[in-house]
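# Examining the three-dimensional arrangement
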Amino acid sequence: MTCALKLPMQLFKLNISVLGNQSLLSCRLPTMKSMDMQSLHCCAALNEAVTARYRATRNRTLPLTYEMAKGPFRIGTEKSWNSWNTSNLLDGKRRSESAVDDIFIRRFITGTWHDLFVSEVIIKRQFNMIRIAGLVQRKVQPRKMYFLIGYTEELLSYWLKCPVKLELQTVATKEDAIYKYI
Amino acid sequence: MFGNKLVANLSHKGLLSIPNVTLLRLSYVGFCSKAPTEDHNDSFSGEDFPPLQLWAHEKKAFSRRKQKMAQELPPRSATMKPDQDWTNVWPTSHSFKPATVPLPIRMGMPPSNRPTPDKWANAELMKIPNFLHLTPPAVERHCAAIQKYCSPWPEGVSYASALTEDTQNPDPNPKKKSKTKLPGFSPDPDVVFTDPGYFPMSVTKTSYLYSGPSIRDERARVAVVKVRLEDLQLDAHSYDKLLRLVGDRYDRASHTITLTGDRCPLYSQNLDYCMYLLTVMLAEAQTKEAWEHEKPRQDHESFEYSGSSSEAAVAALRERQALAGVAPVTEQQEQRYKEALNGLLNGGETDASVTEYGESVLNLLGISERVHDAVSHHNHSIDNDLNLPDISVKTYFERINVKWQNCGWYPKIPR
């Protein structure tokens, strides 16, 4: 019994030393008094506290978009998915193919539209069609942007064997898409 | 040499024109091989006096050329008229465009003490599917356009009126309206064969739609055929034989046979196989083999009183009653017993059937009152037990405050 209780306490101490976060220590301690083996969730707590979070700067100068400001556990409540398809539904088909295609599309867009996308690349699949949406800053001439749209649509539809449409919204500068500074 | 450098630097910076005596004097010293004269024919005179380029490729600081951006147009929604045709503005499905939608839409969770993010530069609004292309006028026009491809509903089909009545004559009180239920698989038996809208067989096909380049799905090959057993109009022998052939494909509650074909790669093949299976099974059920008369009583599909051991027992009872000189069992008593037995064995064991069976047996044996009961034996004193009740069974149980529970012969006494 003592041995069983001792082990989680050691784990708990390790958790604190790694984090070095006093607030975590203070808020977790009362639960430890009445804890048993099952109520210990070191990894889950760490996950929620650390994963996909940006470190705040001292003078609050790090700009975050809405997407960056909301953690992954807020998907479905405060923000929605960046990939919309039926593959990830129950009994959906082409799961891996859709995921790999999405990665390819995102990489292609990031490279082709260099430093122009100020939001995440939103990929929506509808029947045979792929719609790519996002926010683009008005940094280049309109004719260049028109060229990029046609170029992207043409090449992606050859590669992915289906019609691809770019549905972009332009913003004047990068700052327009900023949600908050931390 | 010092003078040369100085003048070169200064001339580069454009400072040579400064009327400074010292500078001028130095320049004279540095650049001219001879003392300057007042001769105007000399090419080196006045402002054209060129600086000496000692370093041919001198670095020049270029300022970054600023691109002239095209003038930003005002949003389209600002110039929209209230009576415009929205279906022309938003004809098909498209991601949200804030400049086109003249609505003050907001979406998202704001930081504290800030308003909700508006429609401009809002990626969340672009993610979600919108139905701006499916406004009621757009749907109406779409229906009107495809109406020429539709055929009228077949006349006389029972639920055609139920489907069309509501749209043609809308009910003023929709809350009070009772839902018109479409006839399911078990319609009213009186109208089955007179109703041209009744189809005795249902064939189910499932199509699957995906957001992907392929329209193929292996689950779409499954064909399901349902037939109501009454519609096959079989005699008792074929009915029983068919039930044995289909096995667990028969649903007792709805009296239907369900055949599922999924072993072939195509739907039509599976449907053909189901039809083939149904035909073969019906033909097999309707043939009577030479050995089928050998079926013993135990294999009968239901209990039959005639020829049963119960009938023999009643006959034996009659014989003994005749020997003892007692009035024999009447036809009515036997009929009641027969019906109770049929209800119990064919209809299933319920409170009513078990009670009725008990009553009918007592009636058959000529016992009008029950004199002894297991419950009273266990739970009551001997005095009470000896005090034989001369009342009916029902009032007896009421008197000892017994409530009927789940099973008929084992009443539970409340504490």
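On a predicted model such as this, the values are computed, not experimentally measured, just so you know.

### What about the state of the cysteines?
All names here are of chain B.
- For the structure on display, the rule yields zero disulfides over all chains.
- In this structure Cys 150 is a free cysteine whose sulfur lies 8.5 Å from that of Cys 143, the closest cysteine sulfur available.
- Overall, the relative accessible area of 52% leaves Cys 150 in the exposed class.

### Here we look at helix α7 (residues 236-246) of chain B
Residues and elements named next belong to chain B.
- Where α7 is concerned, the buried positions are Ser 238, Asp 240, Lys 241, Leu 242 and Val 246.
- Looking at the packing, one finds that the buried side of α7 touches β3 (250-251), β4 (256-261) and α8 (267-286).
- Following α7 by one or two positions, Gly 247 has its phi on the positive side, about 65°.

### Thoughts on the interface of chain B and chain A
- Contacts between chain B and chain A engage 35 residues on the former and 40 residues on the latter.
- Summed over both partners, the interface of chain B with chain A comes to about 2900 Å²; 52% of that surface belongs to carbon and sulfur atoms.
- Its largest share of buried area at the contact with chain A, chain B owes to Met 126, Lys 127 and Ser 211 of chain B, together 24% of the area lost on that side.
- Here Lys 127 of chain B and Glu 67 of chain A are joined by a salt bridge, their closest N and O atoms 2.7 Å apart.
- If you look at where chain B meets chain A, you find 18 residue pairs in polar contact (both at pLDDT 80 or more).

### Comments concerning the sheet that holds strand β2 (residues 83-84) of chain A
Residues and elements named next belong to chain A.
- Spatial ordering of the open sheet is given by β2-β3-β4-β5, a layout of four strands whose pairing is mixed. Looking at strand neighbours, the two that pair on one side only are β2 and β5 (164-171), the edges of this open sheet.
- Where strand β4 (residues 129-137) and β5 come together, eight bridges link them in parallel fashion. Paired with Ile 132 across the strands is Leu 166, a residue of β5.
- In the packing of helix α5 (residues 95-112) onto the sheet, contacts are made with β2, β3 (122-126) and β4, and the angle to β3 comes to roughly 135°.

### Description of unusual backbone geometry
Residue and element names in this part refer to chain A.
- In this structure, Arg 94 takes a positive phi of about 55° despite not being glycine.
- With respect to the element layout, Arg 94 can be found in the loop between β2 and α5.
- Residue Arg 94 is classed as partly exposed on the basis of its relative accessible area, which comes to 25%.
- Positive phi, close to 60°, is recorded for Lys 161, a residue that is not glycine.
- Here Lys 161 is to be found in the loop between α6 (142-160) and β5.
- Judged by its relative accessible area of 63%, Lys 161 is exposed.

What counts and what doesn't
Think of each chain on its own: its residues are numbered from 1, step by step along the sequence as written. A letter from A marks each chain and a number from 1 marks each ligand, given out in the order of writing. Confidence filtering applies because this is a predicted model: local features only for residues at pLDDT of at least 70, side-chain atom pairs given and counted only at 80 or more, and all residues used for totals across whole chains, interfaces and linings. As a convention, hydrogens and water are excluded, and side-chain values are obtained from all of the structure's heavy atoms. When two cysteine sulfur atoms lie within 2.5 Å, the pair is treated as a disulfide. Buried means the residue's accessible area, taken with a 1.4 Å probe over protein chains only, is under 20% of the maximum for its type, while exposed means over 50%, and partly exposed covers the values in between. Only DSSP runs of H or I reaching four residues or more are called helices, and only runs of E reaching two or more are called strands; each is numbered from the N terminus. Contacts: residue pairs with any heavy atoms within 4.5 Å of one another. For any pair of parts, buried area is found by adding up, for both, the accessible area (1.4 Å probe) each one loses once the two are put together. Salt bridges are identified by distance alone: a Lys or Arg side-chain nitrogen within 4 Å of an Asp or Glu carboxyl oxygen. We define a polar contact as two N or O atoms separated by no more than 3.5 Å, with the added condition that, inside protein, one atom must be a possible hydrogen donor and the other a possible acceptor, whereas residues neighbouring each other in sequence contribute only through side-chain atom pairs. Strand pairing is assigned whenever DSSP detects at least two bridges linking the two strands. Where helices are involved, their axes are fitted lines through C-alpha atoms of the stretch in contact, as for all axes, and angles between N-to-C directions lie from 0 to 180°.

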